[in-house]
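An overview of the molecular structure
Read off the chains here:
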Amino acid sequence: MTAADQELHFADAGEAADLAAFLARLIHYDRAAAVRLQAGGGVLAVFGRPPSFEVLAIRTARLEAIIGTDTTTATTAGASGPGALDTTVSAGELGDALDTARAGRTADGHEVRDRGLVVTVPKAVTGPPWAGVLPPRGGWRRVSGLPGVDEVHGAVAAAVAEFRARDAELPEERRTRAERDRIGHEIWSRTLGDTGLPLRAVHAAQSLGFLRPVRAAAPAATSAGAGGGVATATPGPTAEPLALLAAGGWLRLRTPYGSIAVRTSGLSGLSVTPA
């Protein structure tokens, strides 16, 4: 059975709406964006790579089931293994599928946010190179030294202000893309305190909506089957604001709304001019 022959039964329509918003942000940075989908253990993990930041962004949502559209196959999400779904699709097509499903629910004007949603998986596309190199599923360990949420916001704001100030000071003849990339690389390659996490990862988290305040909601579901807990689905009122984890040459900033992962080895040719 191909991915396009499958339906995702989301456990919570609110999480599906948050996923649609995440896809819209990815498309803002790349209209031809692709995302890799992995489902297992009752969780769908969606991986994307916004080009302006050169990081891997991950969003998850809980699933009730993955069901074949020909009705011959039904897999309950709780029993599905890591390989229940693994495909790369167009971010725009997945976003359209989510919007269509949500529009069908609201046609009568009585949407219930915490009720499930059924979405057909779009046809697979040829994945970009990054889609073949994902963070490990397990083995994550906590990294100490991560500042608090306010300090993290402040670090991003200060970096953005510095970039704009230095850009404004450039004489007209030097205000080129190459020069702006040079300034951006210098600023966004700096690390957050002593953590080793580049500032561009935190900037990406903020730009993708991962650093917004935690809303009161049902208890969170963590993606253990799809990426080793790479992100969190709907956060609960006691969800941990931020955590920094490391595994196998990766650093991952985990937030209640998703994760930002960066490789700590083998990076080259970064374009980190802020969008």
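The structure displayed is predicted, hence computed values, not measured ones.

Okay, the environment of leucine 134 next. Residue placement: leucine 134 occurs in the loop between β7 (117-120) and β8 (141-142). Look at leucine 134 and you get buried, because its relative accessible area is 18%. Sequence separation between leucine 134 and arginine 36 is 98 residues, and the spatial gap between their C-alpha atoms is 9.5 Å. With residues up to four places along the chain from it excluded, the contact list for leucine 134 reads Arg36, Gln38, Phe47, Leu56 and Trp250.

A word on the packing of aromatic side chains. Here a ring pair, both rings aromatic, is described through the centre-centre distance and the interplanar angle of the planes. This model, assessed by the stated rule, comprises two aromatic pairs. Plain terms: the ring middles of phenylalanine 22 and phenylalanine 210 are 5.8 Å apart, the flat faces sit at 25° to each other, and that makes the pair stacked. Of this pair, phenylalanine 22 sits in helix α1 (residues 13-29) while phenylalanine 210 sits in the loop between α5 (199-207) and β9 (243-247), and the two are 188 residues apart along the sequence. You can call phenylalanine 22 buried: its relative accessible area is 1%. Ring geometry for tyrosine 29 against phenylalanine 53: centres 5.2 Å apart, planes inclined by 80°, an arrangement best described as edge-to-face. Placement of the pair is tyrosine 29 in helix α1 and phenylalanine 53 in the loop between β3 (43-48) and β4 (56-68), with a sequence separation of 24 residues. Here tyrosine 29 falls in the buried class, since its relative accessible area comes to 18%. By relative accessible area, phenylalanine 53 is classed as buried at 2%.

Here we take up the pattern of salt bridges. Enumeration according to the criterion identifies 16 salt bridges in this entry. The salt bridge partner of aspartate 12 is arginine 62, with a shortest N-O separation of 3.8 Å. On the criterion of sequence distance, the pair formed by aspartate 12 in the loop between β1 (6-10) and α1 and arginine 62 in strand β4 is long-range, its members being 50 residues apart. With a closest N to O distance of 2.9 Å, aspartate 86 and arginine 36 form a salt bridge. In this pair, aspartate 86 is assigned in strand β6 (residues 85-90) and arginine 36 in strand β2 (residues 34-40), connecting sequence segments 50 residues apart. Overall, the relative accessible area of 39% leaves aspartate 86 in the partly exposed class.

With that out of the way, let us pick up the packing of helix α3 (residues 149-169) against helix α4 (residues 177-188). It is at 10 Å that the axes of α3 and α4 come closest, and there the two elements cross at 155°. One way to sum up the angle between α3 and α4 is to call them roughly antiparallel. Crossing handedness for the pair α3 and α4: right-handed. Note on element contacts: α4 touches α3 through Arg180, Arg182, Ile183, Gly184, Glu186, Ile187 and Trp188, opposite Val156, Ala159, Val160, Glu162, Phe163, Arg166 and Asp167. Considering only residue class, the contact of α3 with α4 consists of seven nonpolar, one polar and six charged.

Cut-offs applied
- Residues numbered from 1 in each chain as written.
- Predicted model: local features only at pLDDT ≥ 70, side-chain atom pairs only at ≥ 80, totals over all residues.
- Heavy atoms only, no water.
- Helix = DSSP H or I, 4+ residues; strand = E, 2+ residues; numbered from the N terminus.
- Buried < 20%, exposed > 50% of the residue type's maximum accessible area, 1.4 Å probe, protein only.
- Contact = heavy atoms within 4.5 Å.
- Phe/Tyr/Trp six-rings, centres within 6.5 Å; stacked < 30°, edge-to-face > 60°.
- Salt bridge = Lys/Arg side-chain N within 4 Å of Asp/Glu carboxyl O.
- Axes fitted to C-alpha atoms, helices over the stretch in contact; angles between N-to-C directions.
- Parallel < 35°, antiparallel > 145°, perpendicular 65-115°, else oblique.
- Left-handed = near helix turned anticlockwise from the far one by under 90°.
- Nonpolar A, V, L, I, M, F, W, Y, C, P; charged D, E, K, R; others polar.

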